[in-house]
Amino acid sequence: MNNANAHAFTLEEIARRVGARLVGDGSRRVSGLATLNDAGPEDITFLANRAYLKFLPDTSAAAVLLHPNHADDCPTACLTMDNPYVGYAKLSALFDPLAARDVPGVHPTAVVAESASLGRDVQIGPQAVIEDGVRLGDRVIVGPGSVVGCDTEIGEGSRLHANVTVCHGVVIGRRAILHSGCVIGGDGFGFAHDGGRWHKIAQLGGVILGDDVEVGSCSSIDRGALGDTIIGNDVKIDSQVQIAHNVQIGDHCALAGCVGIAGSTKVGRNCMLGGGVGLSGHLTLCDGVQVTGMSLVTNSIHQPGVYSSGTGAMSNAQWRKNAVRFKQLDDIAKRLTRLEKEQRSR
Amino acid sequence: MNNANAHAFTLEEIARRVGARLVGDGSRRVSGLATLNDAGPEDITFLANRAYLKFLPDTSAAAVLLHPNHADDCPTACLTMDNPYVGYAKLSALFDPLAARDVPGVHPTAVVAESASLGRDVQIGPQAVIEDGVRLGDRVIVGPGSVVGCDTEIGEGSRLHANVTVCHGVVIGRRAILHSGCVIGGDGFGFAHDGGRWHKIAQLGGVILGDDVEVGSCSSIDRGALGDTIIGNDVKIDSQVQIAHNVQIGDHCALAGCVGIAGSTKVGRNCMLGGGVGLSGHLTLCDGVQVTGMSLVTNSIHQPGVYSSGTGAMSNAQWRKNAVRFKQLDDIAKRLTRLEKEQRSR
Amino acid sequence: MNNANAHAFTLEEIARRVGARLVGDGSRRVSGLATLNDAGPEDITFLANRAYLKFLPDTSAAAVLLHPNHADDCPTACLTMDNPYVGYAKLSALFDPLAARDVPGVHPTAVVAESASLGRDVQIGPQAVIEDGVRLGDRVIVGPGSVVGCDTEIGEGSRLHANVTVCHGVVIGRRAILHSGCVIGGDGFGFAHDGGRWHKIAQLGGVILGDDVEVGSCSSIDRGALGDTIIGNDVKIDSQVQIAHNVQIGDHCALAGCVGIAGSTKVGRNCMLGGGVGLSGHLTLCDGVQVTGMSLVTNSIHQPGVYSSGTGAMSNAQWRKNAVRFKQLDDIAKRLTRLEKEQRSR
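Note that the structure is a prediction, hence the values are computed from the model and not measured. (Residues numbered from 1 in each chain as written. Chains lettered and ligands numbered in written order. Predicted model: local features only at pLDDT ≥ 70, side-chain atom pairs only at ≥ 80, totals over all residues. Heavy atoms only, no water.)

Moving on to the overall build of chain A. Looking only at helices and strands, one finds five helices and 40 strands in chain A. In terms of overall size, chain A is more extended than a compact globule, its C-alpha atoms giving a radius of gyration of 26 Å where 346 residues would be expected to give roughly 20 Å. If you line up chain A on its principal axes, its C-alpha atoms span 85 × 65 × 35 Å. Expressed as a percentage of its 346 residues, the buried residues of chain A come to 61%. Restricting the contact set of chain A to residue pairs at least 6 apart, pairs at least 24 apart contribute 17%. Of the roughly 13000 Å² of accessible surface on chain A, 48% is carried by carbon and sulfur atoms. With 31 positive and 35 negative side-chain charges, chain A shows a spacing of 11 Å between the two charge centroids. (Helix = DSSP H or I, 4+ residues; strand = E, 2+ residues; numbered from the N terminus. Rg over C-alpha atoms; globule rule 2.2 N^0.38 Å. Buried < 20%, exposed > 50% of the residue type's maximum accessible area, 1.4 Å probe, protein only. Contact = heavy atoms within 4.5 Å. Areas by Shrake-Rupley, 256 points an atom, 1.4 Å probe, with all protein chains shown as cover. Lys, Arg positive; Asp, Glu negative; His and termini not counted. Charge placed at Lys NZ, Arg CZ, Asp CG, Glu CD.)

Below, the structure is given as structure tokens:
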């Protein structure tokens, strides 16, 4: 994809917008953002990771956003900031072509219930459906084919991409970003055993998303059984994540792709779950817990820190031998203890 | 979400509807269902788990549904049943606001093929698509944006929530509930290697879902290669589950979130698969097998019981040391055996 | 599902179309394709796996496609080919009912931007949305409810099933097959930490899919942060797969269901990832790597071969004992080494 767009900025304007100090010709214009290696003379780039420092001398970029310590090594104009990675984040927003395309208004093919209330400058895409009693804050964007169920409330500045489903009775805060294919407020998984059959438990709770929540493509957050499923402020959820009913996630957590969290588990603030991590139900994780990729957590965690499970990958031939021994592990441990006793008793 | 709805019920009516014995004032009205802790004087609650017994004396609920053994400890009106969890399930259905909103009819923006046959009181939401030859039983509900492919048959009383996709030639039984984003009948994953390239195998089979099947948000059940993928009666499937082509699942199974089942595997009746469980292809699991969360099953299971794999989570520091040793496990076992022999030979 | 369709073929025609040698009556007609066991006298079947050889003598099929070595054992007409599994793939395409149903044209409820360019014989289903600047090649099919975002390009002969989402600025090659619920080009997961909060990094890259790529139901391929996420030619991706930003997948790879690949990882050509496999970010896998189901790969792999991690499933009782010992494994290894030293020092 060509990142260039109609918009071009002077370096001076960029420095002002991202809050950086400019060293060089402020009137030079750039029209794209690229990596140190890929940037051409119309692009701005950034250096946020020392591993890429070696590429700095040879960059063809018009300007580089970097830490003041590296300004002297920069062969071209530079914008300095103490946290150049945050600077990159701000730069990226400037060059995002999506924002420029937004045009408020309701597409004629959208179906909007009369009882729905729309804030100012709301944008509803083609084939979208807004059901009864929905309230959309100012500047909310609902993408093509997305459905917002009865009585749901979405805070100002939130964006639903295409084919998003938000079920009935969900509350979404401000500036949420919901990616295509995600489902907020589907039923939690609740059944009572009744003479060999399952009896469905209607899921009467809702889902509450705080402000600044992002939910990735094809992720699902189930509604609560009685109380609500609650996602705190500034929680970032990647693609293909499953969050079960009545889960609570504290502010500023980040959940990588394919994470699954079972019912009623509470995750503290500032936690980070690696890709494919599974949390069993009814657990509590304290603030500041990190779990590495594909680990399974079956007990509550009361100390901040990094947690892991599983085994690393190895060749299948090596693995087969070791995996067989895993099944004998308790026996191995007991035999070892016996040997030690015999040794000591001599 | 506020669970209260326009509907209020007298305790007498509730007792009759859920089949409980009422102790107290049957004319008292309740308008909501909540937990022992959260219930207010307009609510009914329930006690189904001894762990919550401690909250019973202090509940503010108008009434409590519970086991007769606990009736004496109840500070307010009570409804007694031998299985209060089933009672809760029945209560929950009474207070489900969704049912009250259903209004039969075909929305003017829905596209329904002339050759489709619709039963009585069918409801087709806005932007839905019903293709050629589809047959919908009485009271079937197709939510907004959902698509039902050619020649598919859906039994009476089934509900497709918003943005569901049922592909062509699928057969769905009665009272199914399909949640948003799920896909029934996408192609199975079949290719023949042909001189370094993949040659697609058209997936000519279908999917058959029995009666009373529920499929969670964003789950997928692939169509068979030649024969069908078959899901039995009363099978409950959570969100983000993947069921590959020609899998067969017996009656009354429950599959938690993120389960993945590879092609042609047969799961018996009354099995329960924990979250994230993976079953390899071409296996057979007998009736009554339970597999705990995130376990991988690579061999058939012929005995009912509980099965597991993997390792529990620990601190990353501890895990790193142990995971390294896992790679040496076969060597460790051999060294131990050697030591034992030496010991014995003295 | 009944595989039979209006089309019937003579054996002679079939032999010609799949490139097989016919032994028997070429004028006989068959109208369906089924397994050796299920095929009736109107069906053709195939034998591609020796395990099914025992069913050959008793098949009721009108004809069997098989290896020349087995022709003598065939009780009916046969079509011989050196690779009968590829023959089956070709047969399956003949009997695919979908192709017969395709009728070019734009459904009146579809919303197609004026600036979009459509090739010859394009088919756009009901409720689909084609945004500004989209270019669709000849014979592209966009299923009901699918959305194609601004400036996206889709090569000739590609098919999007129902409710597919392709976001803006994506490039898809020829003959792609995208299954329902999949999302191509949702945002990658990128945030900069900024004083305890997450600052979104706009995902300015795109996604490039080569020719002959297939993506399963509910799978997601995220767009790149700056450069593109790149999927090679003839890459086959199953259902519920997550591919993060800036991943690169080489030609002819096959990824089974529920695979998750973290950001910037490069997978070589002809790799096969089993169901539920996880690859950490920023890795490189060389050509010809196979990873078995549910393995986690956290380091680059530089040798072709088969790799695995995890433990096999066992009874939960047995597992509990062994899993506890896993946490003691480093200690066990050290104790063993100490014992060995003591032994040797005697």
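Attention now goes to unusual backbone geometry. All names here are of chain C. A positive phi is found at Asn 163, a non-glycine position, where the angle reads about 55°. One non-glycine residue, Asp 212, adopts positive backbone phi at about 60°. Along the polypeptide, Asp 212 turns up in the loop between strand S24 (207-209) and strand S25 (214-215).

Moving on, we get to the relation of the copies chain B and chain A. Overlay of chain B on chain A (RMSD 0.1 Å): rotation 120°, translation along the axis 0.0 Å. Expressed as an axis order, the relation between the two copies is that of a three-fold axis. Taking C-alpha positions as reference, the residue of chain B nearest the rotation axis is Gly310(B), located at 3.3 Å. (Least-squares fit on C-alpha atoms with pLDDT ≥ 70 in both.)

Attention shifts here to the UniProt feature "active site" (unreviewed entry) in chain A. Residues and elements named next belong to chain A. Here the UniProt feature "active site" (unreviewed entry) sits at His 245. Within the secondary structure, His 245 sits in the loop between strand S29 (242-243) and strand S30 (248-249). Classification of His 245 as buried rests on a relative accessible area of 13%. Leave out the neighbours within four places in its chain, and His 245 touches Gly 188, Phe 189, Gly 190, Gln 203, Asp 222, Arg 223, Gly 224, Ala 225, Thr 229, Gly 263 and Ser 264. (UniProt positions renumbered as here; feature names shortened; annotations may be inferred.)

Looking at chain A, the domain boundaries give domain 1 (9-99), domain 2 (105-307) and domain 3 (317-346). Inter-centroid distance (C-alpha atoms) of domain 1 of chain A to domain 2 of chain A is 35 Å. (Domains from an automatic or database assignment.)

So, about the side chain of Gln343(C). For Gln343(C), the location among the structural elements is in helix H5 (residues 329-344). When residues no more than four places from it in sequence are discounted, the contact partners of Gln343(C) are Gln343(A), Leu339(B), Glu342(B), Gln343(B) and Arg346(B).

A word on the interface of chain A and chain C. Of the residues lining the interface, 72 residues belong to chain A; the matching set on chain C comes to 80 residues. The interface formed by chain A and chain C holds five salt bridges in total. With a closest N to O distance of 2.8 Å, Glu214(A) and Lys200(C) form a salt bridge. Put simply, the parts of the chain that give the side of chain A that touches chain C at least two residues each are helix H2 (84-94), helix H3 (97-101), strand S28 (236-237), strand S31 (254-255), strand S40 (314-315), helix H4 (316-326) and helix H5 (329-344) of chain A. (Salt bridge = Lys/Arg side-chain N within 4 Å of Asp/Glu carboxyl O.)

Looking now at the sheet that holds strand S37 (residues 289-291) of chain C. Spatially, twelve strands are ordered S40(A)-S39(C)-S37(C)-S34(C)-S31(C)-S28(C)-S25(C)-S20(C)-S17(C)-S14(C)-S11(C)-S8(C) in an open sheet, and the strand pairing comes out mixed. On the outer flanks of this sheet lie S40 of chain A together with strand S8 (105-106) of chain C, each paired with one strand and no other. Direction of pairing for strand S11 (residues 123-124) of chain C relative to strand S14 (residues 141-142) of chain C: parallel, over a ladder of two bridges. If you follow Ile124(C) over to S14(C), its bridge partner there is Val142(C). (Pairing = 2+ DSSP bridges.)

Contacts between the two partners involve 71 residues from chain B, matched on the other side by 80 residues from chain A. Across the contact surface, chain B and chain A share five salt bridges. Of all the secondary structure elements, the ones that give two or more residues to the side of chain B that touches chain A are helix H2 (84-94), helix H3 (97-101), strand S28 (236-237), strand S31 (254-255), strand S40 (314-315), helix H4 (316-326) and helix H5 (329-344) of chain B. Broken down by element, the residue count for the side of chain B that touches chain A peaks at nine residues, all from H5(B). Where strand S39 (residues 305-308) of chain A meets S40(B), two bridges bridge the pair, whose relative direction is antiparallel. When the sheet's bridge partners are listed, Ser308(A) is paired in S40(B) with Met314(B).

What follows concerns the sheet that holds strand S7 (residues 77-80) of chain B. All names here are of chain B. With mixed pairing, the five strands of this open sheet are ordered in space as S2-S7-S6-S5-S4. Single-partner strands in this sheet number two, and they are strand S2 (21-23) and strand S4 (32-33). Of the strand pairs in this sheet, S4 and strand S5 (residues 43-46) are connected by two bridges, and their pairing is parallel. Considered in S5, the bridge of Gly 32 is made with Asp 43. The strands touched by helix H1 (residues 11-18) within the sheet are S2, S5, strand S6 (63-66) and S7, with S7 carrying the most contacts at an inclination of about 10°. Where H2 meets the sheet, its contacts fall on S4, S5 and S6, and the angle it forms with S6 comes to roughly 130°. (Axes fitted to C-alpha atoms, helices over the stretch in contact; angles between N-to-C directions.)

Residues and elements named next belong to chain A. Two numbers describe how helix H1 (residues 11-18) lies on H2: the axes approach to 10 Å, and their chain directions differ by 120°. Comparing the axis directions of H1 and H2 gives the class oblique. Viewed along their axes, H1 and H2 form a crossing whose handedness is right-handed. Taking contact as the criterion, the partners of Ile 14, Arg 17 and Val 18 in H1 are, on H2, Gly 87, Lys 90, Leu 91 and Leu 94. By residue class, the composition of the contact of H1 with H2 is four nonpolar, one polar and two charged. (Parallel < 35°, antiparallel > 145°, perpendicular 65-115°, else oblique. Left-handed = near helix turned anticlockwise from the far one by under 90°. Nonpolar A, V, L, I, M, F, W, Y, C, P; charged D, E, K, R; others polar.)

Attention now moves to the pattern of salt bridges. One pass over the structure, following the stated rule, counts 51 salt bridges over all chains. Where Asp330(B) meets Lys334(B), a salt bridge forms, and the shortest distance between an N and an O atom there is 3.0 Å. With Asp330(B) and Lys334(B) both in helix H5 and four residues apart, this pair spans about one turn of that helix. The shortest N-O distance in the salt bridge between Arg269(C) and Asp251(C) comes to 3.1 Å. Residue Arg269(C) is located in the loop between strand S33 (266-267) and strand S34 (272-273), and its partner Asp251(C) is located in the loop between strand S30 (248-249) and strand S31 (254-255); the two are separated by 18 residues in the primary sequence. When salt bridges that share partners are traced, they join Arg175(A), Asp212(A) and Arg197(C) into one network.

Another point: H2(A). Burial within H2(A) is extensive, with eight of its eleven residues counted as buried. Among the residues of H2(A), Pro84(A), Val86(A), Gly87(A), Tyr88(A), Ala89(A), Leu91(A), Ser92(A) and Leu94(A) are the ones counted as buried.

It is worth spelling out the packing of aromatic side chains at this point. Under the criterion given, the structure shown has 21 aromatic pairs over all chains. Aromatic side chains Phe191(B) and Trp198(B) sit 6.4 Å apart centroid to centroid with 65° between the ring planes, which places their arrangement in the edge-to-face category. By relative accessible area, which is 10% here, Phe191(B) ends up buried. Ring-pair connections join several aromatic residues into one group, and the members of that group are Phe46(A), Tyr85(A) and Tyr88(A). (Phe/Tyr/Trp six-rings, centres within 6.5 Å; stacked < 30°, edge-to-face > 60°.)

Of the residues in chain A, 98% have a pLDDT of 70 or more, and the chain-wide mean is 95. Residue range residues 1-5 of chain A is modelled with pLDDT below 50. Its contacts to residues more than four positions away, or to other chains, number 18 contacts. (pLDDT = per-residue confidence, 0-100.)

Mapped onto the elements of the fold, Arg335(C) is located in helix H5. Look at Arg335(C) and you get buried, because its relative accessible area is 13%. With residues near it in sequence (within four places) discarded, Arg335(C) still touches Ala333(A), Leu336(A), Thr337(A) and Glu340(A).

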